[in-house]
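Analysis of the macromolecular model
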Amino acid sequence: MKVSLSFEKGSSKDLSIVVDALRASTTITVALDKFKEIYPAYTPEQAIEIAKEKNLILAGERKGRKLEGFELGNSPTEIKQYEASKDSLVLTTSNGVRIMENMESEIILIGGFVNAKACAKLALELATEEIELVMGGINKTFAIEDFLAAGEILYWIQEELKNNASEDRLNSNDEDYFKEESGISEYALSAILASRDKELADKICIESKSGRRLTYLGYKDDITLCIKRNISEKVGIYKDGKIRLYKPNK
Ligand SMILES: O=C(O)[C@H](CS(=O)(=O)O)OP(=O)(O)O
Ligand SMILES: [Mg+2]
């Protein structure tokens with residue numbers, strides 16, 4: 001299994017995981033506790049159109065602020081307290097949802113700190129040859145909180161691979177092994193390393209550009225929720241234009 005990490009644009013045709021810790025991945029994971037389906041929209045105008053056409057709750061932000069005239073912003077804590085009058089939502093966000101537009105992989109999962117282990121396990125279950133984690137970033141530049149959340153998901157992927165790999169495969173030095181495009185990329189390994197000191201990782205997320213902006217806007221509670229590890233077993237899967245909770249075919 002090839003396991004890679006990318007920023008903003010993915011290339012895997014197999015399975016991708018959208019990683020946007022502050023806050024889109026968390027918002028989507030939390031919202032799927034309350035809503036049956038979430039329609040991603042790539043611009044505010046598109047979100048308004050879809051909401052009207054399909055009679056959905058309208059949610060979205062730009063620069064962290066709830067959009068004018070929208071029912072909800074991109075706040076997982078607000079969504080947790082929201083009394084849903086309809087069973088589906090359309091969501092547009094500056095980074096995490098926006099990057100989904102150009103992803104071509106067969107399967108797209110939504111992952112963050114809150115569902116890292118569940119997302120890792122599901123990715124290994126559903127992928128056939130490649131798992132690519134794609135970080136949302138902020139304003140089209142690298143966002144350290146997404147790197148750390150990707151590291152958390154990749155840690156659980158690595159653990160699962162270790163448990164399944166035979167001993168000799170792990171210690172293999174034969175030429176073919178190095179030639180083969182397999183295993184965890186060194187970029188992905190760096191994210192695992194960076195994410196291992198939880199206290200330091202939390203501090204960095206809070207003090208990140210996104211973290212500082214969200215604190216300024218009064219969303220400190222969102223950050224506290226977004227950096228909780230593995231509080232949900234649920235994973236959103238994007239298919240046929242909407243995100244739903246993954247349910248194994250019974
Ligand atoms: O709404 C958010 O938290 C961010 C925008 S910002 O980082 O607060 O400016 O959008 P997301 O798409 O969740 O990264
Ligand atoms: Mg973000």
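Residues numbered from 1 in each chain as written. Chains lettered and ligands numbered in written order. Predicted model: local features only at pLDDT ≥ 70, side-chain atom pairs only at ≥ 80, totals over all residues. Heavy atoms only, no water.

Scanning the chain from terminus to terminus reveals eleven helices and eleven strands. In terms of C-alpha radius of gyration, the chain reaches 18 Å, essentially the compact-globule figure of 18 Å for 250 residues. Along the first, second and third principal axes, the C-alpha atoms of the chain reach 60 × 40 × 30 Å. The buried share of the chain, taken over its 250 residues, is 54%. Considering only intrachain contacts with a sequence separation of at least 6, the fraction spanning at least 24 residues in the chain is 80%. By element, 49% of the accessible surface of the chain is carried by carbon and sulfur atoms, the whole surface being about 12200 Å². Both charge centroids of the chain, one from 36 positive and one from 42 negative side chains, sit 6 Å from each other. (Helix = DSSP H or I, 4+ residues; strand = E, 2+ residues; numbered from the N terminus. Rg over C-alpha atoms; globule rule 2.2 N^0.38 Å. Buried < 20%, exposed > 50% of the residue type's maximum accessible area, 1.4 Å probe, protein only. Contact = heavy atoms within 4.5 Å. Areas by Shrake-Rupley, 256 points an atom, 1.4 Å probe, with all protein chains shown as cover. Lys, Arg positive; Asp, Glu negative; His and termini not counted. Charge placed at Lys NZ, Arg CZ, Asp CG, Glu CD.)

Metal coordination angles in their ideal form are 109.5 degrees for the four-donor tetrahedron and 90 or 180 degrees for the six-donor octahedron. Every protein donor of the magnesium ion (ligand 2) is listed here as Asp20 (OD) and Leu22 (O), and their distances to the metal cover 1.9 to 2.3 Å. Classification of leucine 22 as buried rests on a relative accessible area of 8%. (Donors = N, O, S within 2.8 Å, 3.2 Å for Na, K, Ca; no water.)

Another point: the layout of surface pockets. Once rolled over the atoms, a probe with the size of a water molecule shows which space is left empty. Its boundaries defined by the atoms lining it, the second largest pocket holds a volume of some 150 Å³. Lining the second largest pocket, in full, are Ala118, Lys121, Leu122, Glu125, Glu233, Lys234, Val235, Leu245 and Tyr246. Counting residues per element, the lining of the second largest pocket draws most heavily on helix 4 (residues 116-126), at four residues. Of the residues belonging to the lining of the second largest pocket, the class tally is five nonpolar, no polar and four charged. (1 Å grid on protein atoms, 1.4 Å probe; cavity = no way out; pocket = protein on both sides within 12 Å on 5 of 7 lines; lining within 4 Å. Points joined across faces, edges and corners; volume = space filled by probe spheres on them. Nonpolar A, V, L, I, M, F, W, Y, C, P; charged D, E, K, R; others polar.)

Right, let's get into the nonpolar core. Counting 36 residues, the largest nonpolar core has Ile17, Leu109, Ile131, Leu133, Leu154 and Ile157 as the members making the most contacts within it. Within the residue set of this core, elements represented by two or more residues are strand 1 (2-7), strand 2 (15-19), strand 7 (107-111), helix 4, strand 8 (130-135), helix 5 (144-164), helix 8 (186-195) and helix 9 (198-206). Once you skip the residues sitting within four places of it in the chain, isoleucine 131 turns out to touch Met1, Lys2, Val3, Ser4, Leu15, Ile17, Ala123, Leu124 and Ile157. If you look at the next biggest cluster of nonpolar residues, it comprises 25 residues, including Ile28, Tyr82, Leu89 and Ile108. (Core = buried A, V, L, I, M, F, W, Y, C linked by side-chain atoms within 4.5 Å.)

So, on to the pattern of salt bridges. A complete count under the given rule lists 14 salt bridges for this structure. Of the charged contacts, one joins glutamate 37 and arginine 244 as a salt bridge, the two residues approaching to 2.7 Å between their closest N and O atoms. Residue glutamate 37 is found in strand 3 (residues 37-40), and its partner arginine 244 is found in strand 11 (residues 242-245); the two are separated by 207 residues along the sequence. In this structure, glutamate 53 and lysine 54 form a salt bridge, with 3.7 Å as the shortest nitrogen-oxygen distance. One salt-bridge network, held together by shared partners, links Glu152, Arg196, Lys198, Asp202 and Arg229. (Salt bridge = Lys/Arg side-chain N within 4 Å of Asp/Glu carboxyl O.)

Right, let's talk about the side chain of aspartate 20 for a bit. By the secondary structure assignment, aspartate 20 is in the loop between strand 2 and helix 1 (24-31). In this structure, aspartate 20 is buried with no salt-bridge partner, the nearest side chain bearing the opposite charge being arginine 23 at 7.5 Å. Within the structure, the side chain of aspartate 20 is placed 2.9 Å from the backbone nitrogen of glycine 96, a separation counted as a polar contact. In contact with aspartate 20, other than residues within four places in its own chain, are Ser25, Thr26, Asn95, Gly96, Gly111, Gly136, Gly137 and Asp146. (Polar contact = N/O pair within 3.5 Å; in protein donor to acceptor, adjacent residues only side chain to side chain.)

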